[in-house]
Amino acid sequence: MSVHVKYFASLRQQLGVESVELAHRRDMTVADVWQAVSRQPPPCNLLCACNLQYTDFKQAVADGDEVAFFPPVTGG
Amino acid sequence: MSVHVKYFASLRQQLGVESVELAHRRDMTVADVWQAVSRQPPPCNLLCACNLQYTDFKQAVADGDEVAFFPPVTGG
Amino acid sequence: MRIEICRQPFAPWRELSQHQDQHLAAGSFGACAALVGSMRDFNCGEAVTRMTLEHYAGMTERQLRQLAEQAMHQYALLDVLLLHRIGELRPSEPIVLVAAWAAHRAAAFNACRDMMESLKSRATFWKKESVASGERWVQANTPG
Amino acid sequence: MRIEICRQPFAPWRELSQHQDQHLAAGSFGACAALVGSMRDFNCGEAVTRMTLEHYAGMTERQLRQLAEQAMHQYALLDVLLLHRIGELRPSEPIVLVAAWAAHRAAAFNACRDMMESLKSRATFWKKESVASGERWVQANTPG
């Protein structure tokens, strides 16, 4: 299966990458996605979304999903 | 002593008068002023001010004071 | 701080914008909260065609100044703009504008709301509405 | 209901005024509550000369629409206007405008504040500030 991974803000800058296409065989959770593509342990305040909605790290991802990782939001 | 009495809104319309100059000899409270110049018992929601500040009916009035009576306010 | 009782219709958002441009230092404030109250064409189940706003000249100005000064102090505001209409109004005309500028939004919001509630519950204004059956004094304000 | 993410500076009070004239029936609303957040030239003890606002395209628009629809429904609003800036900002430029129109002031105030707090705590925007020592990501928003 294939998963589109995106990073934002300070996380994007730290990892030096904006998006990754992940191809994988077995079932994965959001936490598995992080582990497979990021080269560091998850920061304690890390947030994640799946298909444009907040989710938690135990969420299973499906083929074609978009998974995003980002720090606390600071808009407004 | 002399007291300037003013009425506002529905009260002014009911009493048919906007202001009254009251001349009196003895010490008076706001309640005495109402009794001396108005031709009806005070409505239950009557408010009063003395010299442009809310006051209560037991407040003593002095020579030259402006005493006002009015219904609940409805601005804004 | 600008506080004014207006005998003629006013354009609240233009007044606010002009006041901000003229009196607030660029970059000094992080938030402005504003509330505009305006005349509806319908109230208490009846169409309203006209409204008369009466005030206690002298006392009202003093009350508005006091409540604005109180908010300036309590919330460390950068500025306040407060306009209130009196006289004969037609539906859709603005009645009141309350605006507060602060470094952060919580102070701006709280100050704007406090000033509005204080004005509604204490300031000496009275409304009379014209409806099909004649004229009626508004008995009490809607709760905040 | 108008919701927009703006890449260029916008004039919040003029946008509000125009939206009201074009979309709200005259006499239909009794209150409009608005909050404008703008860029300060000072934050966390340092002068700020520039700010970059990044967002998650797609997710953010969806979030803003959802929070506005939620407020429309919960507070029986007549309309909502929500503008949020992205890109490169200079001090004093507006960041966000949230406005709510309702029959009465309590609904307008509560809706405006709820939308703002919801946006601040959930919407996927991030700020980076330029200060004398370099660039820094804003770590968290000021509490509401």
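Residues numbered from 1 in each chain as written. Chains lettered and ligands numbered in written order. Predicted model: local features only at pLDDT ≥ 70, side-chain atom pairs only at ≥ 80, totals over all residues. Heavy atoms only, no water.

**Some words on the interface of chain D and chain A**
Often the size quoted for an interface is simply the accessible area lost on bringing the parts together.
Link 1 in the chain: Listed by partner, the interface residues are 27 residues for chain D and 20 residues for chain A.
Link 2 in the chain: Per-residue buried area on chain D facing chain A is highest for Y56(D), W126(D) and W137(D); these three make up 34% of the total on that side.
Link 3 in the chain: Our count for the chain D to chain A interface comes out at one salt bridge.
Link 4 in the chain: Taken together, chain D and chain A are joined by 14 residue pairs in polar contact (both at pLDDT 80 or more).
Link 5 in the chain: When residues in the side of chain D that touches chain A are grouped by element, the largest group, five residues, is from helix α3 (residues 105–122) of chain D.
Link 6 in the chain: Looking at side-chain class alone, the side of chain D that touches chain A contains 12 nonpolar, nine polar and six charged residues. (Contact = heavy atoms within 4.5 Å. Buried area = accessible area lost by both parts, 1.4 Å probe. Salt bridge = Lys/Arg side-chain N within 4 Å of Asp/Glu carboxyl O. Polar contact = N/O pair within 3.5 Å; in protein donor to acceptor, adjacent residues only side chain to side chain. Helix = DSSP H or I, 4+ residues; strand = E, 2+ residues; numbered from the N terminus. Nonpolar A, V, L, I, M, F, W, Y, C, P; charged D, E, K, R; others polar.)

**Overview of the packing of aromatic side chains**
Link 1 in the chain: Tallied over the entire structure, the rule returns 21 aromatic pairs over all chains.
Link 2 in the chain: Their ring planes at 70° and their centres at 6.4 Å tell us that F8(A) and F70(A) sit as a pair that is edge-to-face. Taken together, the residues span a long stretch of sequence, with F8(A) in the loop between β1 (2–7) and α1 (9–15) and F70(A) in strand β7 (residues 66–70) at a distance of 62 residues. Accessibility assignment for this pair places F8(A) and F70(A) in one class, buried.
Link 3 in the chain: Among the aromatic residues, those joined into a cluster by ring pairs are F8(A), Y54(A), F70(A), Y56(D) and W126(D). (Phe/Tyr/Trp six-rings, centres within 6.5 Å; stacked < 30°, edge-to-face > 60°. Buried < 20%, exposed > 50% of the residue type's maximum accessible area, 1.4 Å probe, protein only.)

**Side note on the side chain of H84(D)**
Link 1 in the chain: Relative to the helices and strands, H84(D) resides in strand β5 (residues 79–85).
Link 2 in the chain: Classification of H84(D) as buried rests on a relative accessible area of 0%.
Link 3 in the chain: Reaching out from H84(D), the side chain makes a polar contact with the backbone nitrogen of G76(A) at a distance of 2.9 Å.
Link 4 in the chain: Filtering out sequence-adjacent residues up to four positions away, H84(D) remains in contact with G75(A), G76(A), E4(D), I5(D), C6(D), L53(D), I95(D), V96(D), L119(D) and F125(D).

**Quick word on the interface of chain D and chain C**
Link 1 in the chain: On the chain C side, the residues contacting the 35 residues of chain D number 36 residues.
Link 2 in the chain: Of all residues in chain D, W13(D), R105(D) and F109(D) bury the most surface against chain C, accounting for 27% of the area lost on that side.
Link 3 in the chain: Linking chain D to chain C there are two salt bridges.
Link 4 in the chain: Where E117(D) meets R105(C), a salt bridge forms, and the shortest distance between an N and an O atom there is 2.8 Å.
Link 5 in the chain: Counting across the interface, chain D meets chain C through 16 residue pairs in polar contact (both at pLDDT 80 or more).
Link 6 in the chain: Within the residue set of the side of chain D that touches chain C, elements represented by two or more residues are α1 (12–23), β2 (31–38) and α3 of chain D.

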